[in-house]
Amino acid sequence: MSTKYRATTEDVAYFVTLTTVGWIDIFTRPRQKYLLVNGLSYCQRQKGLEIYAYCIMSSHVHILCKACEGHKLSDIIRDFKKYTSKKIIQNILDYPESRREWMLELFQRACMHFKRNQRYKVWQNGYHAEIAYSNWFIKQKINYIHNNPVVEKIVARPEDYLFSSARNYAELENELEVEVLFIE
């Protein structure tokens, strides 16, 4: 697998995008979004993840982040995807979900070619990661992350979207603590 868009350099920040298989809109329900928030929070507390900006969209997640010293971002992302995959499937099975059958079928089809015994696949292989190489890049990516829900016409203003760090930057009540960056 190519390392062009993977987090291979330690002690640097990355703009990371994780996407569901087939761009399935899994994260349209608050319960599913909170699974991701809880997973990210756990990674912050237990796995050395520093988050500067994030946004949970219906089929993907954007994160501007870095692994603390002694940790590898690729390992954190791998563990996050593995943990949240199990939780997402369990959530679909345990709670009323009008899209249950077709989502589970698509998740099953996504792993049919695997040699290992895996029943469901939620996330696409790998992830898209770009090194945050300058203040300009960081500022541009924070704006991009925060404006995603506005572009998709989910909210009128970035800080109105609950599952985004735009609320942190606007000093509003938020779902996940992040390290706010003030860049000129």
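Here, residues in each chain are numbered from 1, in the same order as that chain's written sequence. Residues qualify for local features only when their pLDDT is at least 70, as the model is predicted, and side-chain atom pairs are given and counted only at 80 or more; totals for whole chains, interfaces and linings, by contrast, use all residues. The basis for every side-chain value is the complete set of heavy atoms in the structure, and neither hydrogens nor water enter the calculation.

Digging into the overall build of the chain
The secondary structure listing takes helices from DSSP runs of H or I that are at least 4 residues long and strands from runs of E that are at least 2 residues long, numbered from the N terminus. Across its full length, the chain holds five helices and four strands. Each helix and strand of the chain, ordered N terminal to C terminal, gives the series β-α-β-β-α-α-β-α-α. Values of the radius of gyration come from C-alpha atoms, whereas the globule rule sets the reference at 2.2 Å times the count of residues to the power 0.38. Relative to its length of 184 residues, the chain is compact, with a C-alpha radius of gyration of 16 Å against a globular reference of 16 Å. Projected onto the principal axes, the alpha-carbon positions of the chain cover approximately 50 × 35 × 25 Å.

Details of the nonpolar core
The biggest cluster of nonpolar side chains holds 54 residues, and the ones touching the most others in it are Val16, Ile51, Leu64, Ile88, Phe107 and Trp123. Looking at this core, the elements with two or more residues in it are β1 (14-19), α1 (30-46), β2 (49-56), β3 (60-67), α2 (73-94), α3 (100-109) and α4 (135-151). The contact rule is simple, with two residues in contact once any of their heavy atoms fall within 4.5 Å. Each residue touching Leu64, except ones within four places of it in the same chain, is listed here: Tyr14, Phe15, Glu50, Ile51, Tyr52, Ala53, Ala132, Ile138, Ile142, Ile145 and Leu181. For this analysis, a nonpolar core means a set of buried residues of the types Ala, Val, Leu, Ile, Met, Phe, Trp, Tyr and Cys, connected via side-chain atoms within 4.5 Å. Whether a residue is buried, partly exposed or exposed follows from its accessible area with a 1.4 Å probe, protein chains only, as a fraction of its type maximum: under 20%, in between, or over 50%, in that order.

Let's talk about the packing of aromatic side chains
Side-chain rings of Phe, Tyr and Trp (the six-membered ring for Trp) are treated as a pair once their centres are within 6.5 Å; stacked means planes under 30 degrees apart, edge-to-face means over 60, and tilted covers the remaining angles. Evaluation of the coordinates by the stated rule reveals six aromatic pairs. On the basis of an interplanar angle of 75° and a centroid distance of 5.0 Å, the ring pair of Tyr34 and Phe163 is categorised as edge-to-face. Here Tyr34, found in helix α1, pairs with Phe163, found in the loop between α4 and α5 (166-169); they are 129 residues apart in sequence, far enough to count as distant. Note on Phe163: relative accessible area 6%, which makes it buried. Ring pairs connect the aromatic residues Phe27, Phe80 and Trp123, which therefore count as one cluster. Distance and angle both matter: a charge sits over a ring if NZ of Lys or CZ of Arg is within 6 Å of the ring centre and within 35 degrees of the ring normal. Note that Arg31 overlies the ring of Tyr95, its terminal NZ or CZ placed 3.7 Å from the centroid. A cation over an aromatic ring shows up here: Lys141 above the ring of Tyr144, its NZ or CZ 5.7 Å from the ring centre.

Quick word on the sheet that holds strand β4 (residues 128-131)
Pairing in this open sheet of four strands is antiparallel, and the strands run β2-β3-β1-β4 from one edge to the other. Edge positions in the sheet fall to β2 and β4, since each has one partner strand and no second. Strand-to-strand twist across the sheet, computed as the mean angle between neighbouring axes with direction ignored, equals 20°. A pair of strands is treated as paired once DSSP finds two or more bridges between them. Of the strand pairs in this sheet, β1 and β4 are connected by four bridges, and their pairing is antiparallel. Of the residues in β4, the one forming a bridge with Thr17 is His128. Where α1 meets the sheet, its contacts fall on β2 and β3, and the angle it forms with β2 comes to roughly 170°. Strand contacts of α2: β1, β2 and β3, with the helix running at about 25° to β1, the strand carrying the most contacts. All axes here are fitted lines through C-alpha atoms, helices being fitted over the stretch that makes contact, and every angle between N-to-C directions spans 0 to 180 degrees.

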